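Commentary on secondary and tertiary structure
Letter by letter, the chains look like this.
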4 protein chains.
Amino acid sequence: MDIGSTLPDATVARIRDSFARQGLMGLLGAELAQVKAGLVTIRLPFRPELTQQHGYFHAGGTASVADSAGGYAGFTLFPDDSSVLTVEFKLNLMNPAQGDHLEAVGRVIKPGRTLTICQLDVWGVAPDRRIHVATGLQTLICVQGRPA
Amino acid sequence: MDIGSTLPDATVARIRDSFARQGLMGLLGAELAQVKAGLVTIRLPFRPELTQQHGYFHAGGTASVADSAGGYAGFTLFPDDSSVLTVEFKLNLMNPAQGDHLEAVGRVIKPGRTLTICQLDVWGVAPDRRIHVATGLQTLICVQGRPA
Amino acid sequence: MDIGSTLPDATVARIRDSFARQGLMGLLGAELAQVKAGLVTIRLPFRPELTQQHGYFHAGGTASVADSAGGYAGFTLFPDDSSVLTVEFKLNLMNPAQGDHLEAVGRVIKPGRTLTICQLDVWGVAPDRRIHVATGLQTLICVQGRPA
Amino acid sequence: MDIGSTLPDATVARIRDSFARQGLMGLLGAELAQVKAGLVTIRLPFRPELTQQHGYFHAGGTASVADSAGGYAGFTLFPDDSSVLTVEFKLNLMNPAQGDHLEAVGRVIKPGRTLTICQLDVWGVAPDRRIHVATGLQTLICVQGRPA
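The text that follows walks through the structure, step by step, so that each part is easy to find. A quick note: this is a predicted structure, and the numbers were derived from the prediction, not measured. (Residues numbered from 1 in each chain as written. Chains lettered and ligands numbered in written order. Predicted model: local features only at pLDDT ≥ 70, side-chain atom pairs only at ≥ 80, totals over all residues. Heavy atoms only, no water.)

Mapping chain B onto chain D calls for a screw motion: a turn of 180 degrees about the axis and a shift of 0.0 Å along it, with 0.0 Å RMSD after fitting. In symmetry terms, the pair is related by a two-fold rotation axis. Comparing interface residues between copies, 100% of those in chain B also sit at the interface in chain D, which points to an isologous, same-surface contact. (Least-squares fit on C-alpha atoms with pLDDT ≥ 70 in both. Contact = heavy atoms within 4.5 Å.)

What follows is the structure, given as structure tokens:
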């Protein structure tokens, strides 16, 4: 399946259902913006409850949406009766995370039966600019026969 | 200064003030548990708002407290008129993050004038067990002359 | 300076001189293939002395050329009287590293006065195919006033 | 099995045979120093062929012995008819890698049926000092039914 191609409605619904069960995404106020094959975007609007000590988005919030974006990007390519777990991820925080919202993009760069590797990118978006806030890599594992 | 040794009250107060300004720690319900030289522990009690789709702590919450623990562990060793930023971190999620609370420990393993390296460990704690949930490494940068 | 643009001859010569002083690149048989602004490619021909236990290129060789490619990609953008050191790198080994040669590409994705972040990619190249063997991220530090 | 405990002779022999087939270890001049359960040490004597541009050990050599040490640490715990592959590793280079030799220690921190996580540490050893040169984390995968 080509990365970025349109998915069957049932697959998108499976991703949206799983996302809705992630209590943390609700607490942060994150929204699933785009769900394509191997490519998922999450939007995180700014609010003071998401900051670190200087008033920027906390790296933990940046990491949370990056991790979910990558996890679901991989999950779009997994069999129906499987689930996804993050094995590890690494994130470089390249610029202060500011803007009206963050946009986290997870993109599968190596799909696999057991392990899938994703690139993670987070952008700080304001009306007049779009700054590359963070980039990372993530290793996912596909677990068979476990409800997602 | 020996890692784990007691800090002057003023340094501990500076860390606690900075932690209190991290909106995300308040939103998550995280508490600063221990502040020693180069060694900081953060406690994150479980609640459904912190979960991923299977009901465990979301890796983003685990990463958030790990990142803050490491950042403040480094910050205890920085000069008064400096601030701390995370350059990058990497986290291996080794076991399902469950328990009554998470305990995130940041420990400086290489202090430096510009860069400081920390080990990050997160434990899932229940009355009857203590499981090593995640381990990681973090690179911090000390920025001079910026209010923390 | 645009990433991938042509560099002054003096800068290319500075990179080639430094590369020639890396004893390890000579031992491995690695060659500097392309030197552009923020973009450096290193070629590593296969030989049995570079293998792991299954006969593929050892991850250490893959890492060696990836690290040098990224380091020199950053170094092209540094001031004349500075040197480059690797702070850390992370590498995902996505496919068996095989082929007639490896091609390691280091590309600056965030230049900075102190820290520079590079993307690392390694390809296994044979006459009939080109496989993405490894991808990674690297943090470099620019050290002033130290002979490169 | 306790990490660091003595292994059956047959397991040690299996590790030594596999190490001897790693062409790169021979080229670098690396020696298998210690093989215990989940804990392997490799020794890399200094020579000019292993340097980077300032005359220290190149990070690629450091990474090579760290990766092999971790890989074999995991392999000591794997079934007889399996092999080990590195999924990814991350290394922080904390001090200039110098000394009479490097000592790379791989230690399993989370064994698993499919994935195993190791801590990697490299020391620069001279008669009068022992410096912590690098620390890292590594994810290994156990592949069934493939000759090691």
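Let us keep going from here.
Residues and elements named next belong to chain B. With respect to the secondary-structure elements, Ile-15 resides in helix α1 (residues 9-20). For Ile-15, a relative accessible area of 0% translates into the label buried. C-alpha of Ile-15 to C-alpha of Gly-55: the two residues are 40 residues apart in sequence and 32 Å apart in space. (Helix = DSSP H or I, 4+ residues; strand = E, 2+ residues; numbered from the N terminus. Buried < 20%, exposed > 50% of the residue type's maximum accessible area, 1.4 Å probe, protein only.)

Next up on the list: the interface of chain B and chain D. Where the parts come together, the accessible area they lose is often given as the size of the interface. Each partner contributes residues to the interface: chain B has 12 residues there, and chain D has 12 residues. In total, about 1,100 Å² of surface goes out of reach between chain B and chain D, with carbon and sulfur atoms giving 67% of it. Three residues, Lys-90, Met-94 and Leu-137 of chain B, lead the burial of chain B against chain D; their summed loss comes to 42% of the area buried on that side. Here chain B is connected to chain D by two salt bridges. Lys-90 of chain D is the partner of Glu-88 of chain B in a salt bridge, and the nearest nitrogen-oxygen pair spans 3.0 Å. Taken together, the connections running from chain B to chain D amount to four residue pairs in polar contact (both at pLDDT 80 or more). Listed by contribution, the elements that provide at least two residues to the side of chain B that touches chain D are β3 (82-93), β4 (101-110) and β6 (129-144) of chain B. By residue class, the composition of the side of chain B that touches chain D is four nonpolar, five polar and three charged. (Buried area = accessible area lost by both parts, 1.4 Å probe. Salt bridge = Lys/Arg side-chain N within 4 Å of Asp/Glu carboxyl O. Polar contact = N/O pair within 3.5 Å; in protein donor to acceptor, adjacent residues only side chain to side chain. Nonpolar A, V, L, I, M, F, W, Y, C, P; charged D, E, K, R; others polar.)

The next subject is the sheet that holds strand β6 (residues 129-144) of chain C. With antiparallel pairing, 12 strands are arranged side by side in an open sheet as β1(C)-β2(C)-β4(C)-β5(C)-β6(C)-β3(C)-β3(D)-β6(D)-β5(D)-β4(D)-β2(D)-β1(D). Each end of this open sheet is capped by a strand with a single partner; those strands are β1 (31-36) of chain C together with β1 (31-36) of chain D. Taking the axes of each pair of neighbouring strands and ignoring which way they run, one obtains an average angle of 25 degrees across the sheet. Where strand β4 (residues 101-110) of chain C meets strand β5 (residues 115-126) of chain C, nine bridges bridge the pair, whose relative direction is antiparallel. Counterpart to Lys-110 of chain C in the pairing with β5 of chain C is Ile-117 of chain C. Sheet contacts for helix α1 (residues 9-20) of chain C: β1, β2 (39-45) and β3 (82-93) of chain C; angle to β1 of chain C, the most-contacted strand, approximately 155 degrees. (Pairing = 2+ DSSP bridges. Axes fitted to C-alpha atoms, helices over the stretch in contact; angles between N-to-C directions.)

Between the two copies of the chain lies a rotation about an axis combined with a shift along it. The two copies are related by a screw motion: chain A maps onto chain B through a turn of 180 degrees and a shift of 0.0 Å along the axis, at an RMSD of 0.0 Å. Take the interface residues of chain A: 100% of them recur as interface residues in chain B, which is what a same-surface contact looks like.

Residues and elements named next belong to chain A. One can find Asp-17 in helix α1 (residues 9-20). Taking relative accessible area as the criterion, Asp-17 reaches 49% and is therefore assigned partly exposed. Considered as a pair, Asp-17 and Thr-116 are 99 residues apart in the sequence and their alpha carbons are 21 Å apart.

All right, on to the packing of aromatic side chains then. Tallied over the entire structure, the rule returns 18 aromatic pairs over all chains. Aromatic pair Tyr-72 of chain D and Phe-75 of chain D: ring centres 6.2 Å apart, planes at 55 degrees, arrangement tilted. Here Tyr-72 of chain D pairs with Phe-75 of chain D, and both are found in helix α3 (residues 59-75), just three residues apart, close to one helical turn. A residue is classified by how much of its surface remains accessible, and Tyr-72 of chain D, at 2% relative accessible area, is buried. Cluster of aromatic residues (ring-pair linked, three or more members): Phe-19, Tyr-72, Phe-75 and Phe-78 of chain A. (Phe/Tyr/Trp six-rings, centres within 6.5 Å; stacked < 30°, edge-to-face > 60°.)

Facing 40 residues of chain A, the contacting portion of chain B comprises 40 residues. Counting the surface lost from both chain A and chain B, the interface buries some 3,000 Å², and carbon and sulfur atoms represent 56% of this. Taken together, chain A and chain B are joined by two salt bridges. The tally of links from chain A across to chain B stands at 20 residue pairs in polar contact (both at pLDDT 80 or more). Contributing elements (two or more residues each) for the side of chain A that touches chain B: α2 (23-28), α3 (59-75) and β3 (82-93) of chain A. A total of 11 residues in the side of chain A that touches chain B trace back to one element, the largest contributor, which is β3 of chain A. Each residue belonging to the side of chain A that touches chain B can be placed in one class, and the counts come to 18 nonpolar, 15 polar and seven charged.

Within the secondary structure layout, Thr-51 of chain D lies in the loop between β2 (39-45) and α3. Apart from residues no more than four positions distant in its own chain, Thr-51 of chain D is found in contact with Arg-21, Gln-22, Gly-23 and Leu-24 of chain C together with Phe-46, Tyr-56, Phe-57 and His-58 of chain D.

Right, let's talk about the sheet that holds β3 of chain A for a bit. One open sheet holds the 12 strands; their spatial order is β1(A)-β2(A)-β4(A)-β5(A)-β6(A)-β3(A)-β3(B)-β6(B)-β5(B)-β4(B)-β2(B)-β1(B), and the pairing between them is antiparallel. Edge positions in the open sheet fall to β1 (31-36) of chain A together with β1 (31-36) of chain B, since each of these has one partner strand only. Along the sheet, successive strands turn relative to each other by an average axial angle of 25 degrees, direction set aside. Strand contacts of α3 of chain A: β2 (39-45), β3, β4 (101-110), β5 (115-126) and β6 (129-144) of chain A together with β3 of chain B, with the helix running at about 140 degrees to β3 of chain A, the strand carrying the most contacts. In the packing of helix α3 (residues 59-75) of chain B onto the sheet, contacts are made with β3 of chain A together with β2 (39-45), β3, β4, β5 (115-126) and β6 of chain B, and the angle to β3 of chain B comes to roughly 140 degrees.

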